[in-house]
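Inside the fold
So the chains spell out like this:
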Amino acid sequence: MFATLKRTAKLLRVPTQAERDMAYLNEAGDRYDLEARERNLSRRGNRGFDL
């Protein structure tokens with residue numbers, strides 16, 4: 001019973017911003033793409049909470 005509840009809780013958990021950022025960076029195809037993604041994230045962090 002507890003295993004089912006634990007599994008359900010994991011499915012409903014929302015990833016943190018750091019986890020989403022890391023997933024975004026991990027999708028880079030090469031070094032240049034990675035550098036562009038890093039710049040994109042650093043620019044986003046400087047602007048604040050723009051959606």
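Residues numbered from 1 in each chain as written. Predicted model: local features only at pLDDT ≥ 70, side-chain atom pairs only at ≥ 80, totals over all residues. Heavy atoms only, no water.

Description of the pattern of salt bridges
As a reminder of what qualifies: Each salt bridge in this description consists of a side-chain nitrogen of Lys or Arg and a carboxyl oxygen of Asp or Glu lying within 4 Å of one another. Secondary structure elements are defined from DSSP: runs of H or I of at least 4 residues count as helices, runs of E of at least 2 residues count as strands, and each element is numbered from the N terminus. When accessible area is computed with a 1.4 Å probe and restricted to protein chains, residues below 20% of their type maximum are described as buried, those above 50% as exposed, and intermediate ones as partly exposed.
According to the stated counting rule, one finds five salt bridges in the structure shown. With its nearest N and O atoms 3.9 Å apart, the salt bridge here joins Arg-37 to Glu-27. Of this pair, Arg-37 sits in helix 3 (residues 31-47) while Glu-27 sits in the loop between helix 2 (17-26) and helix 3; the two residues are 10 residues apart in sequence, bridging distant segments of the chain. Classification of Arg-37 as buried rests on a relative accessible area of 14%.

Re a nonpolar patch on the surface
To keep things clear, this is the line we draw: Like-charged residues are merged into a patch within 9 Å and nonpolar side chains (Val, Leu, Ile, Met, Phe, Trp, Tyr) within 5 Å, provided each residue has over 30% relative accessible area and no salt bridge. Here the accessible surface of atoms and residues is derived via Shrake-Rupley with a 1.4 Å probe, and residues count as covered only by protein chains that are part of the display.
On the surface, Met-1, Phe-2 and Leu-5 cluster together to form a nonpolar patch covering roughly 440 Å² of accessible area. Classification of Phe-2 by relative accessible area gives exposed; the value is 69%.

A word on the side chain of Asp-21
What counts, and what does not: N or O atoms within 3.5 Å of each other form a polar contact, as long as, within protein, one can give a hydrogen and the other can take it, and as long as residues adjacent in sequence are counted only when both atoms are side-chain atoms. Whether two residues are in contact is decided by their heavy atoms, any of which lying within 4.5 Å being enough.
Note that Asp-21 resides in helix 2. For Asp-21, the side chain forms a polar contact with the side chain of Arg-44, separated by 2.9 Å. Discounting chain neighbours no more than four positions away, the residues touching Asp-21 are Leu-41 and Arg-44.

Considering the confidence of the model for the chain
The line we're drawing: Note on scores: pLDDT gives the predictor's confidence for each residue, bounded by 0 and 100.
Residues with a pLDDT of 70 or more make up 90% of the chain, whose mean pLDDT is 89. Mean pLDDT across the elements of the chain bottoms out in helix 1 (residues 2-12) (90) and peaks in helix 2 (96).

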